[in-house]
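Letter by letter, the chains look like this.
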Amino acid sequence: MPSPDLETIQTMASIRLEQVSKRYPNGVRAVDDASLEIRDGEFLVLVGPSGCGKSTTLRMIAGLEEVTTGTIYIGDRLVNHVAAGQRDMAMVFQNYALYPHMTVRQNLSFGLRVRRLPRAEIRRRVNDAANLLGISPLLDRRPAELSGGQRQRVALGRALVRQPAAFLLDEPLSNLDARLRAEMRTELARLHQDLHTTTVYVTHDQVEAMTLGERIVVMHESRIQQVSTPLNIYHYPANRFVAEFIGSPPMNFVEGNVQDGKFISGNISYAVSPAASRGRRLLGFRPESLSLDASQPPLGEMIVDVIERMGHETLVYGNLDGHSIVARFGGDVTASVGRPLMLHLPASDWHVFSLDADQPRIAGGRTAAE
């Protein structure tokens, strides 16, 4: 597909939040002391469970929610009291919000006509966006005649023709089926590579966050828990909540005691770093970190409960000394329900956490700094 005239679309802006909070009249604090720098041209993803404050944060950036305390800057401009329509942001919602009585062409051009742009400029922008998104054959159809994926492309196109300083996307793929979500993720990634427009994307889906975000902001209970690249968050989670939320299947946790450089729980005795302070702790490890390789440090014997074979990989669920865990192996692993598997855990792949989900990670096997 031909690309649009990028000279007219590459308007970029950094976005900065400084100690931003949102409190509603009923006392509910939706966002608590959020500080964040979004770089020019960056694709940043806000991820977290429902009710964590991610959509409220996006709406404050857009100007659709007032900031209770703190400041928001777009570039060097303080925008706390700037109306949404004056912030040069284009927002895409999960419900598409297309005008049903208008054709695709009319939906794409509506905002430009309101701004009274010249007809030739409107036509050029609409055609460029339609070409980029592969919806040129649909320009004379109405939304009711489109599939969910086509409607979402039109919603993206309506944002695209505005040539904004930033795109703000609030769970735009949540109404699509799994195949279309995967297809649209690829489309969004390609669009960003072409346009390099600052993009802030909200999702509760950690797969979307990991595959789309140049950096990820993990939120929980109204607060930012960690901001980093997807791989850093995966390998160096800031706390137990992040470790558990990012990853599918999630990280395994075994509760026990750390003493004298060892984690001990029942029959498990696993060497950890002296940096892991003594006390009641959680040992965390990813399903794919577990191994049947006897050359690696032994963790313990798991009794197999369930085996899920998916061709390229096998998930084995079982009981490790009273703890339910899951291990991810290659597709040809030999395992039987009710039989033991001796599990090994590389010395680089463990984490020690506090029992409190929001407390910082205490230690880990990887020595590289985040």
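An account of the accompanying structure is given in this report.

Conventions used here
- Residues numbered from 1 in each chain as written.
- Predicted model: local features only at pLDDT ≥ 70, side-chain atom pairs only at ≥ 80, totals over all residues.
- Heavy atoms only, no water.
- Helix = DSSP H or I, 4+ residues; strand = E, 2+ residues; numbered from the N terminus.
- Expected span 1.5 Å × (residues − 1).
- Buried < 20%, exposed > 50% of the residue type's maximum accessible area, 1.4 Å probe, protein only.
- Contact = heavy atoms within 4.5 Å.
- Phe/Tyr/Trp six-rings, centres within 6.5 Å; stacked < 30°, edge-to-face > 60°.
- Pairing = 2+ DSSP bridges.
- Axes fitted to C-alpha atoms, helices over the stretch in contact; angles between N-to-C directions.
- Salt bridge = Lys/Arg side-chain N within 4 Å of Asp/Glu carboxyl O.

For helix H4 (residues 148–160), with 13 residues, the first-to-last C-alpha span of 18 Å sits near the 18 Å given by 1.5 Å per residue. Every buried residue of H4 is accounted for by Gly149, Gln152, Arg153, Val154, Ala155, Leu156, Gly157, Ala159 and Leu160. Buried positions along H4 lie against strand S6 (89–93), helix H2 (104–114), helix H3 (119–133), strand S7 (166–170) and helix H5 (178–195).

Given two aromatic rings, their pairing is described by the distance between the two centres and the angle made by the two planes. The tally for this structure, following the rule as stated, stands at four aromatic pairs. Ring geometry for Phe43 against Tyr201: centres 5.8 Å apart, planes inclined by 40°, an arrangement best described as tilted. Of the two residues, Phe43 sits in strand S3 (residues 43–47) while Tyr201 sits in strand S8 (residues 198–203), which places them 158 residues apart along the sequence. Owing to a relative accessible area of 0%, Tyr201 belongs among the buried residues under this scheme.

Okay, the sheet that holds S8 next. Strands sit in the order S6-S7-S8-S3-S9-S10 across an open sheet of six strands; the sheet is mixed. Every interior strand has two partners, whereas the edge strands, S6 and strand S10 (223–228), have only one. In this sheet, neighbouring strand axes are inclined to one another by 15° on average, regardless of whether the strands run parallel or antiparallel. Of the pairings in the sheet, the one linking S3 to strand S9 (residues 215–220) comprises four bridges and is parallel in character. Each residue of the ladder has a partner; that of Val47, found in S9, is Val218. Along the sheet, helix H1 (residues 54–62) contacts S3, S6, S7, S8 and S9; its crossing angle with S7, the most-contacted strand, is approximately 150°.

This paragraph deals with the pairing of strand S15 (residues 298–309). Inspection of the sheet shows S15 paired to strand S18 (residues 340–344) by five bridges, in the antiparallel sense. Counted as the bridge partner of Met302 is Leu341 from S18. Hairpin geometry of S15 and strand S16 (residues 313–320) is characterised by an intervening segment of three residues between the two adjacent antiparallel strands and by a positive phi of about 85° at Gly311.

Glancing now at the pattern of salt bridges. All chains considered together, the criterion is met by 21 salt bridges. Across the pair Arg16 and Glu18 runs a salt bridge whose closest N-O atoms are separated by 2.8 Å. In this structure, Glu187 engages Arg153 in a salt bridge whose closest nitrogen and oxygen atoms are separated by 3.5 Å. Here Arg153 lies in helix H4 and Glu187 lies in helix H5, a separation of 34 residues in the sequence.

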